[in-house]
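Chain and residue survey
Next come the chains, spelled out residue by residue.
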Amino acid sequence: MRAAVLRNTGDEKLEIVDGVEPIPPGPTDVTVKIEATGVCHSDLHAMEGKLPQGAPFVPGHEGAGVITEVGDQVTDLKVGDHVVVAWSPPCGQCNNCTERNQPHLCVMIQFSIAGLPRFKEGDQELFGMAGTGTFAEFVTLPQEAAIKIDDDVPFEIASLIGCGVSTGVGAAINTAEVEPGSFEQRAQPCGHCARRDERVVGCPSGEDLGDRELGGLDAGDEVLDGDDARHLRAVRGPLAVDHD
């Protein structure tokens, strides 16, 4: 199997190698053939040592693919299912998942697998980014980390749901709690996902704004970068941008 491997934290380049194998699935694990993977800035942070991540490791934590093998205690998934990789899946049993109804805060599975090897290259054990490692052709995951999707969802779109989309949408709804009429400054690509969700709650886009005065900004700009945000604040006041 081919995979991209970072040998040492701080290395600038990944090594593309053959001969890497995913760990065999345990009783409640599944093995997924990765059909598409996103590239997230968190992967770079892990490579640089800005996020804790054991090395050597296979980067990548947002991916989608097809299940090729299942453990004998897997209940709701089968070979051939299309799935999205969830790097921080809810366990379904802890207080956050049950009593608090906040499964996005669950770290039980994430913490339990993050420090365990996910691949082998000969006798060398390799970790996977955040307990996954989607820069590989196959990856073995707990069944909770493989979220079934419809077969007609394109893999290149589904892969982004594993981090970029869920992060952007969650930031807009759960963290920023944006309100109708807000202006936001966002970074890519999560910001574009936040933009999609902000429309649901009524934040203005270019076509919504029409001829509204933006102090010289193009009303068609959906995302305010740093310069635009500073310009808008200079023209309309320090509170012109509601969410950074």
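Look up: the structure comes first, before these words.
Reference entry: report on the structure contained in this document. (Residues numbered from 1 in each chain as written. Predicted model: local features only at pLDDT ≥ 70, side-chain atom pairs only at ≥ 80, totals over all residues. Heavy atoms only, no water.)

**Brief notes about the environment of Gln 110**
Selection rule: Strands are runs of DSSP state E lasting at least two residues, helices are runs of H or I lasting at least four, and both sets are numbered from the N terminus onward. Contact criterion: two residues are considered in contact whenever any of their non-hydrogen atoms come within 4.5 Å of each other.
Position of Gln 110 among the secondary structure elements: in helix α2 (residues 108-114). Along the primary structure Gln 110 and Ala 130 are separated by 20 residues, whereas in three dimensions their C-alpha atoms are 7.1 Å apart. Those residues within four positions of Gln 110 in sequence are excluded, and the remaining contacts are Trp 87 and Ser 88.

**Describing the nonpolar core**
Applicable threshold: Here, the term nonpolar core denotes a set of buried Ala, Val, Leu, Ile, Met, Phe, Trp, Tyr and Cys residues that are joined through side-chain atoms within 4.5 Å. The classification of residues rests on relative accessible area computed with a 1.4 Å probe and restricted to protein chains. Under 20% of the type maximum is buried, over 50% is exposed, and intermediate values are partly exposed.
By size, the foremost hydrophobic cluster in this structure holds 23 residues, and its most contacted members are Val 20, Val 30, Val 32, Val 58, Leu 77 and Phe 119. By size, the runner-up hydrophobic cluster in this structure holds 7 residues, among which are Ala 36, Ala 64, Val 66 and Ala 158.

**Re the sheet that holds strand β11 (residues 146-148)**
We count it as follows: For two strands to count as paired, DSSP must find a minimum of two bridges between them. Helix axes are fitted to C-alpha atoms over the stretch in contact, other axes to C-alpha atoms as well, and angles between N-to-C directions run from 0 to 180 degrees.
Pairing within the open sheet is antiparallel, and its 5 strands lie in the order β10-β4-β6-β7-β11. In the strand order of this sheet, the two ends are held by β10 (138-142) and β11, each with one partner. Taking each pair of neighbouring strands and ignoring which way they run, the sheet shows an average axis angle of 45°. Both strand β4 (residues 29-37) and β10 contribute to a ladder of 5 bridges, which runs antiparallel. Residue pairing across strands places Asp 29 opposite Pro 142, the latter belonging to β10.

**As for the pattern of salt bridges**
As a reminder of what qualifies: Salt bridges are identified by distance alone: a Lys or Arg side-chain nitrogen within 4 Å of an Asp or Glu carboxyl oxygen.
Overall, the coordinates contain 6 salt bridges when judged by the stated rule. One salt bridge connects Arg 7 with Glu 15, and the closest N-O pair in it is separated by 2.8 Å. A salt bridge links Lys 78 to Asp 81; the nearest nitrogen and oxygen atoms lie 2.9 Å apart. Judged by its relative accessible area of 5%, Asp 81 falls in the buried class.

**As for unusual backbone geometry**
A cis amide bond links Ala 55 with the next residue in sequence, Pro 56, at an omega value of 0°. When you line up the elements, Pro 56 lands in the loop between α1 (41-48) and β5 (57-58). If you check the backbone angles, Ala 130 has positive phi at about 55° while not being a glycine. Inspection of the secondary structure assignment puts Ala 130 in the loop between β9 (124-128) and β10.

**Quick notes on the pairing of β9**
As paired strands, β5 and β9 are joined by 2 bridges and run parallel to one another. For Phe 57, the partnering residue across the bridge sits in β9 and is Phe 127. As paired strands, strand β8 (residues 119-121) and β9 are joined by 3 bridges and run antiparallel to one another. Within the sheet, the bridge partner assigned to Glu 121 lies in β9 and is Gln 124. A loop of 2 residues connects β8 with β9, the two strands running antiparallel in sequence, and Gly 122 in this loop sits at a positive phi of about 65°.

**A closer look at the sheet that holds β8**
The strand order β3-β8-β9-β5 describes an open sheet built from 4 strands, whose pairing is mixed. Looking at the sheet topology across the chains shown, the edges are occupied by β3 (20-22) and β5. Pairing analysis gives 3 bridges linking β3 to β8, with the strands arranged antiparallel. Bridging from a neighbouring strand, Pro 22 pairs with Phe 119 of β8.

**Topic: α1**
Heads up, the condition is: Note that the arc is defined by the directions from the helix axis to the C-beta atoms.
Residues of α1 that are buried: Asp 43, Ala 46 and Met 47. Down the axis of α1, the sector holding all buried residues measures 100°, keeping them to one side. Elements that come into contact with the buried residues of α1 comprise β5. Of the residues flanking the end of α1, it is Gly 49, one or two places downstream, whose phi is positive at about 85°.

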